[in-house]
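Structural overview for review
Here is what each chain is made of, one letter per residue.
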Amino acid sequence: METSIASSPSIDKQEIGDPFIHHDLESEDHTMEVEKQVPDVVVTSQQEVDTSTLGSYVGPSTIPTSTLPPYDYTKHFTTEMVFASDEALVNWIRCTGKQHGFIITIKGSEKCIKNRTPRMRFSCERSGKYRPFVKKVDGKEGNDGWTISVHNGTHNHPPVVYLEGHSYAGRLSAEQTSTVVDLSVALVKPKEILTHLKVQDPENVTSIKTVYNVRHKYRVIEKAGKSQMQHLLDRLEKYQYVHWTRGNENENVTELFWSPPSAGEMLRAFPRVLMMDCTYKTNKYRFPLLQIVGVTSTEMTFCAAFAFMECEKTENYTWVLEKLKGMMDPNALPSVIVTDRELALMNAIKNVFPHATNLLCRWHIGRNVLAKCRKMFDDKMWEEFICSWGLVVLSASVAQYEERLCVLKRDFQMVPAALEYVEKNCYPQ
């Protein structure tokens, strides 16, 4: 088998000129051949026009070279080694090229031609357009392995100092690609995946873009022509999530309810306290995402269920809560449900869980009071008001709550608008 490394043509000193000006020159393109070991050394040549990199400047090299082209690296690729497989051969050539600042690519191969010695041709990736061999080469196939025959190792450009960002040099091996996919499935961030690759291989020059490309390719293969909703439903089915959907007259999904496999057991064990809240602008279709969280006897939380809804109306919330109720033991329904002041959700809770007490979330209360009442006070009075209001919120009993609320009304009676807001909106009767 024969391998040739084709490099860019040499340039005389008088022809260099401005290093950023393209020169239309023709010269012989030299190649390096790799062939299976045979009794006779077979050497071929190749004529090629190369104008792709003439006059381009890469940068100074840390490797001692002449200041003007050609740059001869024949000795670096000349070896007496015999390689057991073509894969070992390709790896050696590419690694040697990277060590000296050159990217070596396969230009052609002849592995399955009858009565021909299997061979591969390599060249510098900055060489010109490849032209087939004109001269016929005969060789005897040996069984010892693969050897390298360098036809000419000169380049018309200096070696690259830094290979980072180079698309070819940054290619991932099959093993590295598998690692990226596995870490992506495990929800590892791309930057951490890239760090892992570089720790495993210090000579790796892969960029973060390559990692994103591998992840995107994997997702495309996973979808296999399915829509995003079809893909999501397949994943829910694959991992045995409890899920229901509801559509409109056009058979478009308008609501999607799903719950982790372990959530049903947790809900039956700890059904007494639930917390519900919606998030917004978290998906492509701008559907509100309702998250339902349970609380254990040790005050730890667990995810009970999620739901995408078309809109935030009582009817939408009612459908979601009915599906949640269907997962629970009829004799062990929630006693307390904590929400923000979402009136549609509060009405749905009354319809589905009429015996549950609906409490308002302290964090949401604080945010609402800050947004509505801050402008009614100066800085000093605001500090006093929010401190007194905090004591009301943290009341441990009904009697203590009523006592502190009376103090709040007495101390800030000069701001009736603020008192009216906290009394009517934060603690509705």
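All values reported here derive from a predicted model rather than from experimental measurement. (Residues numbered from 1 in each chain as written. Predicted model: local features only at pLDDT ≥ 70, side-chain atom pairs only at ≥ 80, totals over all residues. Heavy atoms only, no water.)

Topic: the overall build of the protein
Secondary structure assignment for the protein yields 13 helices and 13 strands. For the protein, with 429 residues in total, the buried portion stands at 41%. Across the protein, the fraction of contacts at a sequence separation of at least 24, relative to all contacts at a separation of at least 6, is 64%. When the accessible surface of the protein is totalled, it reaches about 25200 Å², and 53% of it is carbon and sulfur. (Helix = DSSP H or I, 4+ residues; strand = E, 2+ residues; numbered from the N terminus. Buried < 20%, exposed > 50% of the residue type's maximum accessible area, 1.4 Å probe, protein only. Contact = heavy atoms within 4.5 Å. Areas by Shrake-Rupley, 256 points an atom, 1.4 Å probe, with all protein chains shown as cover.)

Description of the pairing of strand β9 (residues 273-279)
Burial along β9 is one-sided: the residues Leu274, Met276 and Cys278 are buried and none of Val273, Met275, Asp277 and Thr279 is. Pairing of β9 with strand β12 (residues 336-339), which is carried by three bridges, proceeds in the parallel orientation. In the strand pairing of β12, Leu274 is matched with Ile337. Looking at chain direction, β9 and strand β10 (residues 289-295) are connected through six bridges and run antiparallel. (Pairing = 2+ DSSP bridges.)

So, a nonpolar patch on the surface
Taken together, the side chains of Met229, Leu232 and Val253 define a hydrophobic patch exposed on the protein surface, amounting to about 180 Å² of accessible area. Positionally, Leu232 belongs in helix α6 (residues 228-238). (Patch = residues over 30% accessible without salt bridge, like charges linked within 9 Å, V, L, I, M, F, W, Y side chains within 5 Å. Salt bridge = Lys/Arg side-chain N within 4 Å of Asp/Glu carboxyl O.)

Focus on the pattern of salt bridges
Counted under the stated rule, the structure contains five salt bridges. When the shortest N-O distance is used, the salt bridge between Glu222 and Arg235 registers 2.7 Å. You can see Glu222 sitting in helix α5 (residues 208-223) and its partner Arg235 sitting in helix α6, a full 13 residues away along the chain. A relative accessible area of 24% places Arg235 in the partly exposed class. For Arg246, the salt bridge goes to Glu315, with nearest N and O atoms at 2.5 Å.

A few points about the pairing of β12
Sheet topology note: the β12/strand β13 (residues 357-360) ladder contains four bridges and is parallel. In the sheet register, Val336 faces β13, and the bridge partner there is Thr357. Chirality of the crossover, the property in question, places the unit of β12, helix α9 (residues 343-352) and β13 among those that are right-handed. (Right-handed = clockwise from strand over helix to strand, strands pointing away.)

Overview of unusual backbone geometry
Phi angles above zero are rare outside glycine, and Gln240 is one such case at about 60 degrees. Along the polypeptide, Gln240 turns up in the loop between α6 and β7 (242-247). Phi angles above zero are rare outside glycine, and Glu299 is one such case at about 65 degrees. Among the structural elements, Glu299 can be located in the loop between β10 and β11 (301-308).

What about α5?
Given a rise of 1.5 Å per residue, 16 residues ought to cover 22 Å, and the 23 Å separating the end C-alpha atoms of α5 matches this to within 8%. Along α5, the positions that sit buried rather than exposed are Thr210, Val211, Val214 and Arg215. Around the axis of α5, the buried residues are gathered within 140 degrees of arc, so they sit on the same side. More than 90 degrees from the buried face of α5, the exposed residues found are Lys209 and Lys217. In this structure, the buried side of α5 is in contact with α3 (174-185) and α4 (190-200). Among the residues trailing α5, Ala224 stands out with phi positive, at a value near 55 degrees. (Expected span 1.5 Å × (residues − 1). Arc of directions from axis to C-beta.)

Focus on the environment of Val293
Relative to the helices and strands, Val293 is located in strand β10. On the basis of relative accessibility, which here comes to 14%, the residue Val293 falls in the buried class. A C-alpha to C-alpha distance of 5.7 Å links Val293 and Leu274, two positions 19 residues apart in sequence. If we ignore the near neighbours within four places in the chain, the residues touching Val293 are Val273, Leu274, Met275, Thr301, Phe302 and Ala304.

A short note on the packing of helix α8 (residues 314-327) against α9
At their nearest, the axes of α8 and α9 sit 8 Å apart, and the two run at 45 degrees to each other. Here α8 lies oblique to α9, going by the angle between them. You can see that α8 and α9 cross each other, and the crossing is right-handed. Counting all contacts with α8, which are made through Thr314, Tyr317, Thr318, Leu321, Glu322 and Lys325, the residues of α9 involved are Ala344, Leu345, Asn347, Ala348, Ile349, Asn351 and Val352. Taken together, the residues of the contact of α8 with α9 break down into seven nonpolar, four polar and two charged. (Axes fitted to C-alpha atoms, helices over the stretch in contact; angles between N-to-C directions. Parallel < 35°, antiparallel > 145°, perpendicular 65-115°, else oblique. Left-handed = near helix turned anticlockwise from the far one by under 90°. Nonpolar A, V, L, I, M, F, W, Y, C, P; charged D, E, K, R; others polar.)

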